[in-house]
Amino acid sequence: MDYLKILEDLVRIRTDNKVGVKKAFKYLYSLFNNLGIKATIIEGCFVAYKEKSFNLILNSHIDTVKLQSNFRKDDNNFYGTGVIDAKGNVVLMIHAFLNSNNSLLVISPDEETESNGVYNFCQYLRNKIDNKKPIRCIVGEPTDLNVCIGHKGRFEYIVESFGEARHASSQGLNPIEILSRVILDLKQMPLEKIKVDKIYSSSIAPTIIKGGIQSNIIPDYAYVLFDVRSVEKDIIKKIGNFLSQKHYSKHIKSGLNPGRHYADFYMLENKELINKLSKHFKISFFNATCEAYYFNKFLSADTVIYGVGRLELAHSKEEHLNLNDFDKGIKEVEKLAEFMINSLGD
């Protein structure tokens, strides 16, 4: 199997839009059809299976962020948006699927945006399978060939502030000033930390702020959107309680940005499995979010995150895949899949 050819073909298909995702799925359907393997679309996800019985789900996502750079290659690297996040890891999961029994391949269509695909697929699957049957899952993301036993939660949290529009020279309530206090206060809010291979922390960062229509008018409304990353449970409730105690609380409204699903903080709780994994693989923690949370929440699947590529290169113009690392990933993901299946009695 020419995996580099498959990867190049997939990266050349721009998948930062629904039309491109459908085109990529059509490519995968043709690939598996030629191999005599059944494939279909379920809840927007591409699904391939060799038999109806399975105990390992192999997942990654075909969609990308907005195009940062086009595909190119040299003797050592593949370059371009999606080579590591996550089409290189789609190919790793394809290899693991083709070389393992009792596995199911599930490719997400919208991990970078709403996560509707996996969210709905997991609930669909929950209603189809025997709940007593244990399931394991590997999610393909750029982990630099480490086996990650958890990931951060990620949320979009909006704080709106209200006042009365008036001349800029007048005194009184200013929604923009209120938001400046909110930003500074949240920066001082105590947040949790965890230790895996190193220390990982929750974070709250303002990324979008809007308000005002003209330089000489104090606006009656403004809002700020925070990117929230968590290594703790119930961080959204914690933020709401924190802000409710402030003197400006009656002038603000806060909550999650509606219209999408959010993956919460996830940590593998099977200590025996973690101990056994640590004897064969380098254990770490995925310092971003991914869809492992949904497989654990809806299917009670012990889930790890594994893949090729350095996370800090994702979503950037510098995104690239080292081909030697790709070869290592192909070999290691097959071992990891075998390990996850064989350890199901743990």
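Residues numbered from 1 in each chain as written. Predicted model: local features only at pLDDT ≥ 70, side-chain atom pairs only at ≥ 80, totals over all residues. Heavy atoms only, no water.

*Asks:* Would you mind showing me how to read the side chain of T303 here?
*Replies:* For T303, the location among the structural elements is in strand β19 (residues 302–306). Look at T303 and you get buried, because its relative accessible area is 0%. A distance of 2.9 Å separates a polar atom in the side chain of T303 from the backbone oxygen of A301. Not counting the four nearest positions on each side in its chain, T303 is found in contact with C137, V139, Y266, L268, A292, F295 and N296. (Helix = DSSP H or I, 4+ residues; strand = E, 2+ residues; numbered from the N terminus. Buried < 20%, exposed > 50% of the residue type's maximum accessible area, 1.4 Å probe, protein only. Polar contact = N/O pair within 3.5 Å; in protein donor to acceptor, adjacent residues only side chain to side chain. Contact = heavy atoms within 4.5 Å.)

*Asks:* In this structure, what is going on with the sheet that holds strand β20 (residues 320–322)? I would like to understand it.
*Replies:* Whether parallel or antiparallel, the strands of a sheet pair through hydrogen bonds between backbone atoms. The strand order across the open sheet built from three strands is β4-β5-β20, with neighbouring strands paired in antiparallel fashion. Each of the sheet's edge strands pairs with one partner strand only, and the pair in question is β4 (72–73) and β20. Alignment of strand β5 (residues 77–79) against β20, held across three bridges, turns out to be antiparallel. When the bridges of β20 are listed, N77 appears paired with N322. Relative to β20, helix α9 (residues 323–342) is tilted by about 65 degrees, and along the sheet it contacts β5 and β20. (Pairing = 2+ DSSP bridges. Axes fitted to C-alpha atoms, helices over the stretch in contact; angles between N-to-C directions.)

*Asks:* How do you make sense of unusual backbone geometry when you look at a structure like this?
*Replies:* Residues other than glycine predominantly adopt negative phi, and peptide bonds predominantly adopt the trans conformation. Of the consecutive residues D85 and A86, the connecting peptide bond is found in the cis state with omega at 5 degrees. Tracing the backbone shows A86 in helix α3 (residues 83–98). Not every positive phi belongs to a glycine, and E43 is a case in point at roughly 50 degrees. The topology assignment puts E43 in the loop between β1 (38–42) and β2 (45–49). Its identity is not glycine, yet L145 carries a phi of approximately 70 degrees, on the positive side. With respect to the secondary-structure elements, L145 resides in the loop between β7 (136–140) and β8 (147–151). The exposure class of L145 is partly exposed, given its relative accessible area of 22%.

*Asks:* Even after reading the chapter, I still don't get the sheet that holds strand β16 (residues 252–256), so can you show me in this structure?
*Replies:* The four strands lie next to each other as β13-β15-β9-β16, forming an open sheet whose pairing is antiparallel. A single partner strand is all that each edge strand has here, and the edge strands are β13 (203–211) and β16. Ignoring which end each strand starts from, the neighbouring axes of this sheet average 20 degrees apart. Of the strand pairs in this sheet, strand β9 (residues 153–162) and strand β15 (residues 221–230) are connected by 10 bridges, and their pairing is antiparallel. Bridge pairing in β15 links F162 to Y221. Here helix α5 (residues 175–187) sits on the sheet and contacts β9, β13, β15 and β16; the angle it forms with β15, its principal contact strand, is near 15 degrees. Each of β9, β13, β15 and β16 touches helix α6 (residues 235–244); the most contacted strand, β9, lies at about 25 degrees to it.

*Asks:* Mind showing me how you'd approach the pattern of salt bridges here?
*Replies:* Any two side chains of opposite charge can pair, so long as their charged atoms come close to each other. For the structure on display, the rule yields 13 salt bridges. Note that E312 is salt-bridged to R310, the shortest N-O span being 2.9 Å. If you follow the salt bridges from partner to partner, you end up with R154, E156, D227, R229 and R260 in one network. (Salt bridge = Lys/Arg side-chain N within 4 Å of Asp/Glu carboxyl O.)

*Asks:* I tried to follow the side chain of S284 on my own but got confused; where do I start?
*Replies:* By the element assignment, S284 lies in strand β18 (residues 283–286). Side chain to side chain, S284 and Y200 meet in a polar contact 3.3 Å long.

*Asks:* Quick question: what am I supposed to make of the packing of aromatic side chains here?
*Replies:* Any pair of aromatic rings gets described here by the distance separating the centres and the angle formed by the planes. Considering all chains together, one arrives at 15 aromatic pairs under this definition. Taking the centre distance of 5.8 Å and the plane angle of 35 degrees together, the rings of F32 and F46 count as tilted. Here F46 lies in strand β2 and F32 lies in helix α2 (residues 18–34), a separation of 14 residues in the sequence. The exposure classification of F32 matches that of F46, with both residues buried. Grouped by ring-pair contacts, the aromatic residues F25, F32, F46 and F97 constitute a single cluster. (Phe/Tyr/Trp six-rings, centres within 6.5 Å; stacked < 30°, edge-to-face > 60°.)

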